[in-house]
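# Breakdown of the fold
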Amino acid sequence: MNPAFQEIPFDPLSASDDLWRRYHVFRRARWLEREDPDLPHAPDDRFADSVRVMHRNEDEAHYHFVVAHGDQIIASFGGMACRPGTPNHETNGHILRSGGAVLQPWRRRGIGRSWLEHAMAWMPLTGATTLTVRADDPDGHRFMRAICGEPRQLDR
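Now for a look at the structure at hand. (Residues numbered from 1 in each chain as written. Predicted model: local features only at pLDDT ≥ 70, side-chain atom pairs only at ≥ 80, totals over all residues. Heavy atoms only, no water.)

What follows covers the overall build of the protein chain. Scanning the protein chain from terminus to terminus reveals five helices and five strands. Counted from the first residue to the last, the protein chain has its helices and strands arranged as β-α-α-β-β-α-β-α-β-α. What you see for the protein chain is a C-alpha radius of gyration of 16 Å, in line with the 15 Å of a compact globule of 156 residues. For the C-alpha atoms alone, the extent of the protein chain along its principal axes is close to 40 × 35 × 35 Å. In the protein chain, the share of contacts with a sequence separation of at least 24, taken over all contacts with a separation of at least 6, comes to 62%. About 9,800 Å² of surface is accessible on the protein chain, with carbon and sulfur atoms providing 50% of the total. Here the protein chain carries 20 positive and 22 negative side-chain charges, and the mean point of each set is 4 Å from the other. (Helix = DSSP H or I, 4+ residues; strand = E, 2+ residues; numbered from the N terminus. Rg over C-alpha atoms; globule rule 2.2 N^0.38 Å. Contact = heavy atoms within 4.5 Å. Areas by Shrake-Rupley, 256 points an atom, 1.4 Å probe, with all protein chains shown as cover. Lys, Arg positive; Asp, Glu negative; His and termini not counted. Charge placed at Lys NZ, Arg CZ, Asp CG, Glu CD.)

Take the environment of Asp137 next. Its location among the elements puts Asp137 in the loop between β5 (130-133) and α5 (138-148). For Asp137 and Ala101, which are 36 residues apart along the polypeptide, the C-alpha to C-alpha distance reads 9.9 Å. With residues up to four places along the chain from it excluded, the contact list for Asp137 reads Arg30 and Arg107.

The next point concerns the packing of aromatic side chains. Scanning the entire structure with this criterion turns up ten aromatic pairs. Relative to Tyr23, the ring of Trp20 has its centre 5.9 Å away and its plane inclined at 85°; by these criteria the two rings are edge-to-face. Separated by three residues within a single helix, Trp20 and Tyr23 lie in helix α1 (residues 17-33), roughly one turn from each other. Arranged with centres 5.3 Å apart and planes meeting at 15°, the rings of Tyr63 and Trp122 form a pair that is stacked. In this pair, Tyr63 sits in strand β2 (residues 60-69) while Trp122 sits in helix α4 (residues 111-126), placing the two residues 59 residues apart along the sequence. Neither Tyr63 nor Trp122 differs from the other in exposure class; each is buried. (Phe/Tyr/Trp six-rings, centres within 6.5 Å; stacked < 30°, edge-to-face > 60°. Buried < 20%, exposed > 50% of the residue type's maximum accessible area, 1.4 Å probe, protein only.)

Strand order in the open sheet formed by five strands is β1-β2-β3-β4-β5, and the pairing between neighbours is mixed. Of all strands in the sheet, those with a lone pairing partner are β1 (6-9) and β5, marking the two edges. Strand-to-strand twist of the sheet, defined as the mean angle between neighbouring strand axes without regard to direction, takes the value 25°. Sheet topology places strand β4 (residues 95-102) next to β5; four bridges connect them, and they run parallel. Directly across from Ser98, in β5, lies its bridge partner Val133. Each of β1, β2, β3 (72-82), β4 and β5 is contacted by α4, which is oriented at about 25° to β3, the strand it contacts most. (Pairing = 2+ DSSP bridges. Axes fitted to C-alpha atoms, helices over the stretch in contact; angles between N-to-C directions.)

A few words on the nonpolar core. Trp20, Tyr23, Val67, Phe77, Leu96 and Ile111 are the most contacted members of the largest nonpolar core, which has 35 residues in total. Looking at this core, the elements that each hand over two or more residues are α1, α2 (44-55), β2, β3, β4, α4 and α5. In terms of residue count, β2 provides more of this core than any other element does, six residues in total. Once residues within four sequence positions are removed from consideration, Phe77 is found in contact with Tyr63, His64, Phe65, Val67, Gly99, Gly100, Ala101, Val102, Ile111, Gly112, Trp115 and Trp122. (Core = buried A, V, L, I, M, F, W, Y, C linked by side-chain atoms within 4.5 Å.)

Structure below.
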């Protein structure tokens, strides 16, 4: 990745107030890029609380990092898989669910490809062998086709 970009681990349970503030600025900017930005948007405190609850689930392993350019967060990526030995691991332990987003002005600079390297490194940590990815917008669909080919399953 370009040295002008900095990858920062993002643990919602221990992130500083400043990192959360910058993350919320990114999150709101990303929301405005969506096809329908008028849909309801969770307030910062409610969003942070819901993410913290998810990360406290001891049956799941969560991985998350952000990419910054200076003080601005320009991308966010994460993944989740069932931890070995948990009730869901036998049936779903082979899956790492992952996704992310890059703000539009920063796309096509190799930032998204850095996520794929991380996702591939996260998989053996839980025994996952299948990567599932959520792509919500046309740019995300094009990106996934460029690196992976045609999707095996589309949800509507």
